[in-house]
Amino acid sequence: MVLLSTTHRVAPGLLSGPAWRTLHTADRVLAGDPAHPLLAPLAQSGITAEVLDVPSYARARTLAEAASDAVVVWLVGPDGDPGLTDALARFAVEGAETPGVVVPELELLPGSYDLPGARLLDLVTVMDRLRSPGGCPWDAKQTHESLVKYLVEESFELVEAIEEEDRATLREELGDVLLQVFFHSRIAQEHDTDPFSIDDVAGAIVDKLIYRHPHVFGDRDADTAEQVEANWEELKAAEKQRESATDGVPLGQPALALAAKLHSRARKAGVPDALPDADAAEADFGARLLRLAAEAQDAGVDPEAALRAAARRYRDAIRAAESGQAD
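So, a few notes on the structure that sits alongside this text. Computed from a predicted model, the values in this text were never measured in an experiment.

1. Thoughts on the nonpolar core
Core analysis: the largest hydrophobic core is formed by 16 residues, its most contacted members being Leu 4, Leu 23, Val 29, Leu 42, Val 73 and Leu 75. Elements with a minimum of two residues in this core: strand E1 (2-5), helix H1 (17-25), strand E2 (28-31), helix H2 (39-44) and strand E4 (72-75). With 3 residues, H1 is the largest single contributor of residues to this core. Setting aside anything within four residues of it in sequence, one finds Val 73 in contact with Val 2, Leu 4, Thr 22, Leu 23, Ala 26, Arg 28, Val 29 and Leu 30. With 14 residues, the next largest nonpolar core counts Met 1, Leu 52, Ala 60 and Ala 87 among its residues.

In structure tokens:
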């Protein structure tokens, strides 16, 4: 008896060669659900499957008896047919103890496998269920605007997990950020005049990555990371048709990161130093911080990450002082 399993994340009928050969040479092909997704593709290929819609133990007995003198293929259901394998095992034990009963050999044959990234399809399905009628009232009423705070929060939690080198939390926070992308894409799909889906989002970034990596997908050379970055900025500038080195710098990012990004853009564009002079910096905290951010950028230090690291050390010092006071 062959138990033929498939993944619901691959279109029905896309089976492996061994699976098709087994199906075509089997004496009988059976399934437990008249709506089994493989029935239609098999019928189109000239294979007729019988539907055995009975309880698990009766199903196991019928299958075992049928397989005693024939090659039987059982089409495992999308839910994995819970209880069937246990029933087959019990029947095999009972049969082995009963004189004259032939217990057939069992073979599990995977007919299709998940491709890399297949679980993303599950996330699409879950988001669709949550946003559809009868789903979650909270998820259904969210908008791009209402989700912004969660996107920012999840992004910072991901940054913290990276900086803390906490891999378990890193995996979880990556999932939370990924959820935001799928959530926004599902909302965008419902727009009245300009809808787009997660496939449009993924397709756009694939096209962008190919376009901006001509040293990989085209005929341009780039042997160093610096050359890659220069090519990237050149292609991006041409693509965006930007007039200023500051175009496209998001002003909503944290202030130190913003200052460092502006300084980096100006330096790459060859813009003369426009930082405030030392005298002005002494009287203006903003100017002093701006100059510090530029100095860190020139030294190859991320000022935002450096300040966060210093803040964490400060937090630890506060906790240590509090502990000492408690003693």
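2. Overview of the pattern of salt bridges
In the structure shown here, the tally under the stated rule is 13 salt bridges. For Arg 308, the salt bridge identified is with Glu 304, shortest N-O distance 3.9 Å. With Arg 308 and Glu 304 both in helix H15 (residues 303-326) and 4 residues apart, the pair spans about one turn of that helix.

3. Structural notes on the sheet that holds E4
In space, the 5 strands of this open sheet follow the order E3-E2-E4-E1-E5, with parallel pairing throughout. Both outer strands of the open sheet, strand E3 (50-51) and strand E5 (107-110), are each paired with one neighbouring strand and no more. Bridging between E2 and E3 involves 2 bridges; their strand directions are parallel. Bridge assignment links Ala 31 to a residue of E3, and that residue is Val 51.

4. Examining the packing of aromatic side chains
Applying the stated criterion across every chain yields a total of 1 aromatic pair. For the pair Trp 138 and Tyr 150, a centre-to-centre distance of 5.8 Å together with 75° between the ring planes defines the contact as edge-to-face. Highlighted residues: Trp 138 in helix H6 (residues 137-141) and Tyr 150 in helix H7 (residues 144-164), separated in sequence by 12 residues. Given a relative accessible area of 38%, Trp 138 falls into the partly exposed group.

5. Concerning the environment of Ile 205
Residue placement: Ile 205 occurs in helix H9 (residues 198-211). Taking C-alpha positions, Ile 205 is 29 Å from Gly 270, a pair spaced 65 residues apart along the chain.

Scoring rules and cut-offs
- Chains are numbered independently. Their residues run from 1 in the order of the written sequence.
- Since the coordinates come from a predicted model, pLDDT governs what is reported: local features require at least 70, and pairs of side-chain atoms require 80 or more to be given and counted, while whole-chain, interface and lining totals use all residues.
- To get the side-chain values, all heavy atoms of the structure are used, and hydrogens and water are removed first.
- We call a set of buried Ala, Val, Leu, Ile, Met, Phe, Trp, Tyr and Cys residues a nonpolar core when their side-chain atoms join them within 4.5 Å.
- Burial here depends on accessible area, computed with a 1.4 Å probe over protein chains only, as a share of the maximum for the residue type. Under 20% is buried, over 50% is exposed, and the range in between is partly exposed.
- In this description a helix means any DSSP run of H or I spanning at least four residues, a strand means any run of E spanning at least two, and both kinds are numbered starting from the N terminus.
- Whether two residues are in contact is decided by their heavy atoms: any pair within 4.5 Å suffices.
- The term salt bridge refers to a pairing of a side-chain nitrogen on Lys or Arg with a carboxyl oxygen on Asp or Glu at a separation within 4 Å.
- DSSP-based pairing: two strands are paired if at least 2 bridges between them are found.
- Pairing of aromatic side chains requires ring centres within 6.5 Å, counting the rings of Phe and Tyr and the six-membered ring of Trp. Pairs whose planes differ by under 30 degrees are stacked, by over 60 edge-to-face, and all others tilted.

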